[in-house]
Amino acid sequence: MSLGHALRRIVEGYPLARTDPPAGHPLAHVIRKGAPDELRRALAPLDGPFLVKGSPGRGSRWAAVPWLAVFDPAVTTSATTGYYLVYLFPAHREAVHLSLAQGTVAAIRAHGPRAGAHLRESGARLRERLSDFSGALPIPAITLGSAGELPEGYEAAHILGLTYDLDALADERRLHADLATGIAAYRALKARGGLDLPAQR
């Protein structure tokens with residue numbers, strides 16, 4: 001299995017998989033183990049340390065939006081706080097987003113009903129901080145096709161990235177090059193102050 005093949009299996013298999021319980025499901029295993037293993041292999045030339053996790057959901061429920069994420073342990077070790085690089089799988093189309101994203105749950109806890117607005121405002125300012133990546137990671141907004149606090153939070157938390165349709169997932173060289181660019185943007189954000197933004201006047 002390659003990174004592109006693993007991503008494609010999730011894109012194509014998730015809608016049908018959600019009609020069965022996740023416990024012991026082969027696709028849940030791909031998301032938790034197979035796809036993270038392929039992502040670790042793709043990251044190997046990029047000089048970590050990186051923590052890689054995949055989530056099909058928790059307990060007996062599939063996630064509305066499964067994800068496969070890369071964390072810099074010096075920044076965060078989970079998708080709830082800080083910022084990280086993540087593949088997100090929308091519910092309404094056969095595609096995958098590569099997103100440099102802000103932690104969603106921490107924003108919801110801190111800002112309540114204003115979390116979405118807060119994340120979008122900070123995302124816009126963080127895009128300015130990373131303006132030199134706007135050509136290589138040109139997508140400023142994503143849609144995930146699912147209602148709910150977390151999917152809508154993931155949409156709001158997006159800073160910049162790319163979207164792949166199924167055909168693009170066959171180009172393994174491009175996937176690896178884009179991953180390297182995403183990691184470079186992640187590192188640049190860390191070097192330029194992370195999520196700490198000066199107060200607006």
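Going by the structure above, here's the rest.
Residues numbered from 1 in each chain as written. Predicted model: local features only at pLDDT ≥ 70, side-chain atom pairs only at ≥ 80, totals over all residues. Heavy atoms only, no water.

## Topic: unusual backbone geometry
Item 1. Going from G48 to P49, the amide bond is cis rather than trans, its omega being 10°.
Item 2. In this structure, P49 sits in the loop between helix 2 (26-43) and strand 1 (51-58).
Item 3. The residue D47 is not glycine, and still its phi comes out positive at about 55°.
Item 4. Inspection of the secondary structure assignment puts D47 in the loop between helix 2 and strand 1. (Helix = DSSP H or I, 4+ residues; strand = E, 2+ residues; numbered from the N terminus.)

## Some thoughts on the layout of surface pockets
Item 1. In this structure, the largest pocket spans a volume of roughly 570 Å³.
Item 2. No other element matches the six residues that strand 2 (residues 61-71) contributes to the lining of the largest pocket.
Item 3. There is about 270 Å³ of room inside the second largest pocket.
Item 4. Looking at the lining of the second largest pocket, the elements with two or more residues in it are helix 3 (104-111) and helix 4 (115-129). (1 Å grid on protein atoms, 1.4 Å probe; cavity = no way out; pocket = protein on both sides within 12 Å on 5 of 7 lines; lining within 4 Å. Points joined across faces, edges and corners; volume = space filled by probe spheres on them.)

## Notes on the sheet that holds strand 2
Item 1. A sheet is described by the order of its strands in space; here five strands give the open sequence 1-2-3-4-5, paired in antiparallel fashion. The two strands at the open ends of the sheet, each matched to only one other strand, are strand 1 and strand 5 (158-165). Each strand of the sheet is rotated relative to its neighbour by a mean of 20°, with strand direction disregarded.
Item 2. Where strand 3 (residues 83-88) meets strand 4 (residues 95-102), six bridges bridge the pair, whose relative direction is antiparallel. Looking at strand 4, one finds that L85 is bridged to L100. (Pairing = 2+ DSSP bridges. Axes fitted to C-alpha atoms, helices over the stretch in contact; angles between N-to-C directions.)

## Structural notes on the environment of L98
Item 1. The topology assignment puts L98 in strand 4.
Item 2. Here L98 falls in the buried class, since its relative accessible area comes to 2%.
Item 3. As a C-alpha pair, L98 and A69 span 29 residues in sequence and 9.4 Å in three-dimensional space.
Item 4. Not counting residues up to four positions away in its chain, the partners in contact with L98 are L85, V86, Y87, H158, L160, G161, L162, Y164 and D178. (Buried < 20%, exposed > 50% of the residue type's maximum accessible area, 1.4 Å probe, protein only. Contact = heavy atoms within 4.5 Å.)

## Description of the pattern of salt bridges
Item 1. Tallied over the entire structure, the rule returns eight salt bridges.
Item 2. Between D37 and R40 there is a salt bridge, with the nearest N and O atoms lying 2.8 Å from each other. A residue pair is termed a helical-turn pair when its members lie 3 or 4 positions apart in one helix, as D37 and R40 do in helix 2 at three residues.
Item 3. Each member of the salt-bridge network shares a partner with another, and the members are K33, D37 and R40. (Salt bridge = Lys/Arg side-chain N within 4 Å of Asp/Glu carboxyl O.)

## Brief notes about the packing of aromatic side chains
Item 1. Counting across every chain of the model gives four aromatic pairs.
Item 2. Their ring planes at 85° and their centres at 5.3 Å tell us that Y14 and W62 sit as a pair that is edge-to-face. With a gap of 48 residues between them, Y14 in helix 1 (residues 3-17) and W62 in strand 2 connect regions that are remote in the sequence. When sorted by exposure, Y14 lands in the same class as W62, which is buried.
Item 3. Counting every residue linked through ring pairs, the aromatic cluster contains W67, F71 and Y84. (Phe/Tyr/Trp six-rings, centres within 6.5 Å; stacked < 30°, edge-to-face > 60°.)

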